[in-house]
Amino acid sequence: MIRVELPAHLRNLARVAGEVQLEVAGPVTQRAIIDALEASYPALRGTIRDQVTLDRRPFVRFFACEEDLSHEPPDAPLPAAVASGAEPFLIVGAIAGG
Amino acid sequence: MSTVRVLVGTRKGAFILTSDGKREQWDIRGPHFGGWEMYHLKGSPADPNRLYASQSTGWFGQLIQRSDDGGHTWSPMGNKFAYEGVAGTHQWYDGTPHPWEFKRVWHLEPSFTDPDTVYAGVEDAAIFRTTDGGQNWQELSGLRGHGSGPRWQPGGGGMCLHTIILDPADPQRIYIAISAAGAFRTDDAGQTWQPINRGLNSKTIPEPTAEVGHCVHHVAMHPSRPDVLFMQKHWDVMRSDDAGDSWQRISGDLPVDFGFAIDVHAHEPDTIYVVPIKSDSEHYPPEGKLRVYRSRTGGNEWEPLTNGLPQSNCYVNVLRDAMAVDSLDECGVYFGTTGGQVYASPDAGDHWAPIVRDLPAVLSVEVQTLP
């Protein structure tokens, strides 16, 4: 199971309290995780990535294993610790706005 | 006895204020969607417990929420606002072409007759429509595709389509307004549009009487006279008696004719309200006095309404969608401020009192009069 941690606003929107656990078929990538997340929680569509371009929203960041993976290609494999569920994939609202 | 439900959108959530017809004691519910910018909430005239809300942040984008029980519970609906075809370009602040990019929904206008049909005015300027209760949104692309589109430019708040007025007598006719392109009208249910800006004179643009490019702040109409429109422009209060084909200035004896909000009395189609703001560089009331001005003559002759409003040290603004009226026998008038106050007058503006004082900055106010 893949573990995903959402920022507070998106936890409220998805009506979940803590980490989200997802089944991801095939290689574990940013795109695969977000595809699975949006399939399980349709209310999150458009909040993490643009629905038309599929680009990550500018003030959303992706962290895992103490690394900023935001600028990695969406189809690049994520660290093995994320794929095994040992470490969560963090979706973070950037600190912006003062 | 009738009740009144006031839907308030703020910078940090939505609030629902309810009262009986006396409009003295208020119940305040909220914040709904705390921390999110709530640009607009509006109820369906066909089913008043069906509410739609525009929810957004710079972080997580745009959501549309719907309630089927008068705002007690909400469900997220479809939020895909995709421009039809090639998005094209409009003018940027520096005059260069800039690609059309969806940013947020400023205004939601439900149909008079079908609770599942709603129009959405968005930034960058376009109009969308849902006919399935908010699940799917389609652009009425004839507006953005109007030949003048590449000459539209953003106002200070962005290039937003902020005003949508449906004609209760003619379902084919819709009026919209865009900052800073101007006002437009369709007579074929949104397939084709024409600019309706003749008579506007904007000294802040290179060609003051241009077909498009005017910073229209808001437009209001009385449902009994759908050909008569009242406009608060960046500067100037204007009136049209021919469905926007021509406009006349009705600022008259206002102390200043800059402002954002404008509305019409529910039962007197020539009684109109504005809130003069000192200037476009200051954005607060003249002399620190919060005054609503009322004209009972359809413009030109105005009286200040001050009873119950702060008359010293008041430096709030009243934004374009933050004024509304109820339709009780004695018309109530409501407005919200960027200081977080929502004021109500149960007697058409003669006396005012705050319903609530310390909300986040108010972006929009709508009123439902319920049996």
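The shown structure was predicted, so the numbers you read here are calculated from the model rather than taken from an experiment.

## Things to note about the overall build of chain B
When helices and strands are tallied, chain B shows 0 helices and 30 strands. Radius of gyration (C-alpha) of chain B: 19 Å, near the 21 Å computed for a compact globule of 371 residues. With 371 residues in all, chain B has 53% of them scored as buried. Considering only intrachain contacts with a sequence separation of at least 6, the fraction spanning at least 24 residues in chain B is 50%.

## Re the sheet that holds strand S3 (residues 60-64) of chain A
All names here are of chain A. The mixed open sheet is built from 5 strands, whose spatial order is S2-S1-S5-S3-S4. Of all the strands in the sheet, the pair left with one neighbour each is strand S2 (20-22) and strand S4 (67-68). Relative to strand S5 (residues 89-93), S3 runs antiparallel, the two being bridged by 4 bridges. Bridge pairing in S5 links phenylalanine 62 to isoleucine 91. Where helix H2 (residues 30-40) meets the sheet, its contacts fall on strand S1 (2-5), S2, S3 and S5, and the angle it forms with S2 comes to roughly 110°.

## Structural notes on the interface of chain A and chain B
Listed as interface residues are 13 residues of chain A and, on the opposing side, 10 residues of chain B. At 3 residues, the largest contribution of residues to the side of chain A that touches chain B is made by helix H1 (residues 8-14) of chain A.

## A few points about the pairing of strand S24 (residues 292-295) of chain B
Residue and element names in this part refer to chain B. Residue alternation in S24 divides its side chains into two sets, Val292 and Arg294 and Tyr293 and Ser295, and both sets are buried. Of the pairings in the sheet, the one linking strand S23 (residues 272-276) to S24 comprises 3 bridges and is antiparallel in character. The residue of S24 that forms the bridge with isoleucine 272 is serine 295. Sheet topology note: the S24/strand S25 (residues 303-305) ladder contains 3 bridges and is antiparallel.

What counts and how
Here the residue numbers are simple positions, counted from 1 along each chain's written sequence. For this description, chains carry letters from A and ligands carry numbers from 1, given in the order in which they are written. Reporting in this predicted model follows two pLDDT cut-offs: at least 70 for local features of residues, and 80 or more for side-chain atom pairs to be given and counted; totals over whole chains, interfaces and linings ignore these cut-offs and use all residues. Strands are runs of DSSP state E lasting at least 2 residues, helices are runs of H or I lasting at least 4, and numbering of each runs from the N terminus. Only C-alpha atoms enter the radius of gyration; for comparison, a globular chain is expected to reach 2.2 Å times N to the power 0.38, where N is the number of residues. Here exposure depends only on C-beta density: within 10 Å of a residue's C-beta, 20 or more other C-beta atoms make it buried, 12 or fewer make it exposed, and intermediate numbers make it partly exposed, the C-beta atoms being placed from the backbone. C-beta atoms are first placed from the backbone for all residues, and any pair lying within 7 Å is then listed as a contact. Strands pair, by our definition, only if DSSP identifies at least two bridges between them. Lines are fitted to the C-alpha atoms to define the axes, a helix being fitted only along its stretch in contact, and any angle between axes, read from their N-to-C directions, falls within 0 to 180 degrees.

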